[in-house]
Amino acid sequence: RAIVVTDASSPFGIVHVNKTWEGLCGFEKDECKGQSLGSLLQGPDTDKGSLSAMMARLLQGDQCNDVGVVVTNYTKTGRRFRNHLRVGPIYEGGSNVPSHFVGVLQEIRDGM
């Protein structure tokens, strides 16, 4: 599974991605560090409303600890792909405010 870790504050800059994420999205770790996922992956068919609603739930401390959405994104080369994105908070130092978010992307291959 593709994994990305972002800052918990807007614009949710990327702090880490794994090799699977690099392979799926086409961006290497060094070129995406500090960038927002939206600036790298969103395009004309991305449902920004569902992503905003998901982030609002997380920022309000949604009790399920992680939330998910199916989203259409675009690779570095412009290839369109659908993925199931689950995002959860990372807490540090006993705080009840997340310091980071971890996202897990799983590509949906349905013959798009």
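For the structure itself, consult the block above.
Residues numbered from 1 in each chain as written. Predicted model: local features only at pLDDT ≥ 70, side-chain atom pairs only at ≥ 80, totals over all residues. Heavy atoms only, no water.

Student: Can you walk me through the overall build of the protein in this structure?
Tutor: The secondary structure content of the protein amounts to four helices and five strands. The secondary structure elements of the protein, listed N-terminal to C-terminal, are β-β-α-α-α-α-β-β-β. Relative to a compact globule of 112 residues, whose C-alpha radius of gyration would be 13 Å, the protein shows 13 Å and is just as compact. Along the longest, intermediate and shortest principal axes, the C-alpha atoms of the protein span 40 × 30 × 20 Å. Classification of the 112 residues of the protein by burial places 39% in the buried group. When contacts within the protein are restricted to residue pairs at least 6 apart in sequence, long-range pairs at least 24 apart make up 42% of them. Entry remark: accessible area of the protein is about 6,300 Å², with carbon and sulfur atoms responsible for 49%. (Helix = DSSP H or I, 4+ residues; strand = E, 2+ residues; numbered from the N terminus. Rg over C-alpha atoms; globule rule 2.2 N^0.38 Å. Buried < 20%, exposed > 50% of the residue type's maximum accessible area, 1.4 Å probe, protein only. Contact = heavy atoms within 4.5 Å. Areas by Shrake-Rupley, 256 points an atom, 1.4 Å probe, with all protein chains shown as cover.)

Student: I would appreciate a short explanation of the nonpolar core in the present structure.
Tutor: In this structure, W21, M54 and L85 are the most contacted members of the largest nonpolar core, which totals 25 residues. Those elements giving two or more residues to this core turn out to be strand 1 (2–7), strand 2 (14–17), helix 1 (19–25), helix 3 (37–41), helix 4 (48–59), strand 3 (67–74), strand 4 (80–90) and strand 5 (100–108). No other element matches the four residues that helix 4 contributes to this core. Contact partners of M54, with chain neighbours within four places excluded, come to V67, G68, V69, L85 and V87. (Core = buried A, V, L, I, M, F, W, Y, C linked by side-chain atoms within 4.5 Å.)

Student: Where do I start with the side chain of T46 in this structure?
Tutor: Inspection of the secondary structure puts T46 in the loop between helix 3 and helix 4. The class for T46 is buried, based on a relative accessible area of 7%. Within polar-contact distance, the side chain of T46 engages the backbone nitrogen of G43 at 2.9 Å. From its side chain, T46 meets the backbone oxygen of T72 in a polar contact 2.7 Å long. Not counting residues within four places of it along the chain, the set of residues in contact with T46 comprises L41, L51, V71, T72, N73 and Y74. (Polar contact = N/O pair within 3.5 Å; in protein donor to acceptor, adjacent residues only side chain to side chain.)

Student: Got a minute to help me understand the pairing of strand 5 in this structure?
Tutor: Regular strands place their side chains on alternate faces of the sheet. Bridge analysis of strand 1 against strand 5 gives six bridges, and the strand direction is antiparallel. For V5, the partnering residue across the bridge sits in strand 5 and is V102. (Pairing = 2+ DSSP bridges.)

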